[in-house]
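Each chain is listed here by its residues.
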Amino acid sequence: PPKDRFWADPFIIFKDNIYYVFFEEFIYKKNKGHISFLTIKENGDYSKPTKILERSYHLSYPFIFTHNEKYYMIPESSTNNTIDAYECSEFPKRWSFHTTLMENITATDSILFYKDGKWWLFTSITRYQNQKRENELFLFYSDNPLSDKWISHPKNPIVSNSKGSRSAGKIFEENGKILRPAQDGSKRYGYGIIFYQINVLNEIDYQEKEIRTIYPNWDKKIIGVHSYEQENKLTVIDVRIKKWR
């Protein structure tokens, strides 16, 4: 990215043999982020970023899902104390507000996962003053991903520590296993990524176990690995690099 901003939280849609990478574009001067995208062709050619969604408050983590053959986005809007869904009217550039899933809530890095006829909402919630955002992961479920009536899982919060309580990308399936990438913020924010295998996910129980990690140990200039995204043949990560101001 240019020196006046950083890019983070990549999410990929592969459509018509083109990779559309949606991400947070944070402008230092404004002290807030908006949502942009760029395209990457299969030969490696890529475009310049295009801004597609901006509000008076900070937006980041543009999780995208499909429902009834339409694209929807749930960007993080914790400074607005909401979890909102936006509908895509013209892919990839036009997105408009659709509905509020939850309000009066400080929630970060929300993602949805569809399994066994239900939509599962994973989100990190700040319940107390001075509480770190990455310390508690909550789980909710509904029959409709655009509902404003979500049922809280009886085991909430399902994770309560700085290792694994904040999402680091979408939940995905690999070799028949369900994997949840999560941030390891135990050393510093965005230090590493832990992949958890979800073994039990239902209305009464939730169980997962750690199976692998990514830490910034392959380049001395990299001090953090923040999020992970893969789609088709493309994998994208965002890293934190040590630079002189």
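Residues numbered from 1 in each chain as written. Predicted model: local features only at pLDDT ≥ 70, side-chain atom pairs only at ≥ 80, totals over all residues. Heavy atoms only, no water.

(A) Geometry of unusual backbone geometry. Of note, the bond from Phe-91 into Pro-92 is cis; its omega dihedral lies within 30 degrees of zero at 0 degrees. Residue placement: Pro-92 occurs in the loop between β7 (82-90) and β8 (94-103). One non-glycine residue, Tyr-61, adopts positive backbone phi at about 45 degrees. Positive phi, close to 55 degrees, is recorded for Asn-81, a residue that is not glycine. As for its position among the elements, Asn-81 is in the loop between β6 (70-77) and β7. Overall, the relative accessible area of 33% leaves Asn-81 in the partly exposed class. (Helix = DSSP H or I, 4+ residues; strand = E, 2+ residues; numbered from the N terminus. Buried < 20%, exposed > 50% of the residue type's maximum accessible area, 1.4 Å probe, protein only.)

(B) Geometry of empty space enclosed by the protein. The full count for this structure, using the stated rule, is one cavity of 30 Å³ or more. Computed from the structure, the largest cavity encloses a volume of approximately 40 Å³. Those elements that place two or more of their residues in the lining of the largest cavity are β6, β7 and β9 (107-115). For the lining of the largest cavity, the class distribution of residues is four nonpolar, four polar and two charged. (1 Å grid on protein atoms, 1.4 Å probe; cavity = no way out; pocket = protein on both sides within 12 Å on 5 of 7 lines; lining within 4 Å. Points joined across faces, edges and corners; volume = space filled by probe spheres on them. Nonpolar A, V, L, I, M, F, W, Y, C, P; charged D, E, K, R; others polar.)

(C) Highlighting the sheet that holds strand β10 (residues 118-125). Across the sheet, four strands lie side by side as β9-β10-β11-β12; this open sheet has antiparallel pairing. Each edge of the open sheet carries a strand with a single partner, namely β9 and β12 (151-152). Across six bridges, the pairing between β10 and strand β11 (residues 137-142) is antiparallel. Paired with Leu-121 across the two strands is Phe-140, which belongs to β11. (Pairing = 2+ DSSP bridges.)

(D) Spotlight on the pattern of salt bridges. In total, this model carries 19 salt bridges according to the counting rule given. When the shortest N-O distance is used, the salt bridge between Lys-32 and Glu-54 registers 3.1 Å. With Lys-32 in strand β3 (residues 32-41) and Glu-54 in the loop between β4 (50-53) and β5 (60-67), the pair connects residues that are 22 residues apart, well separated along the chain. Using a relative accessible area of 28% as the deciding quantity, one classes Glu-54 as partly exposed. A salt bridge links Arg-127 to Glu-136, with the shortest nitrogen-to-oxygen separation between them at 2.8 Å. For Arg-127, a relative accessible area of 41% puts it in the partly exposed group. Using a relative accessible area of 10% as the deciding quantity, one classes Glu-136 as buried. Each of Lys-30, Lys-32, Lys-51 and Glu-54 takes part in salt bridges that share partners, so that together they form one network. (Salt bridge = Lys/Arg side-chain N within 4 Å of Asp/Glu carboxyl O.)

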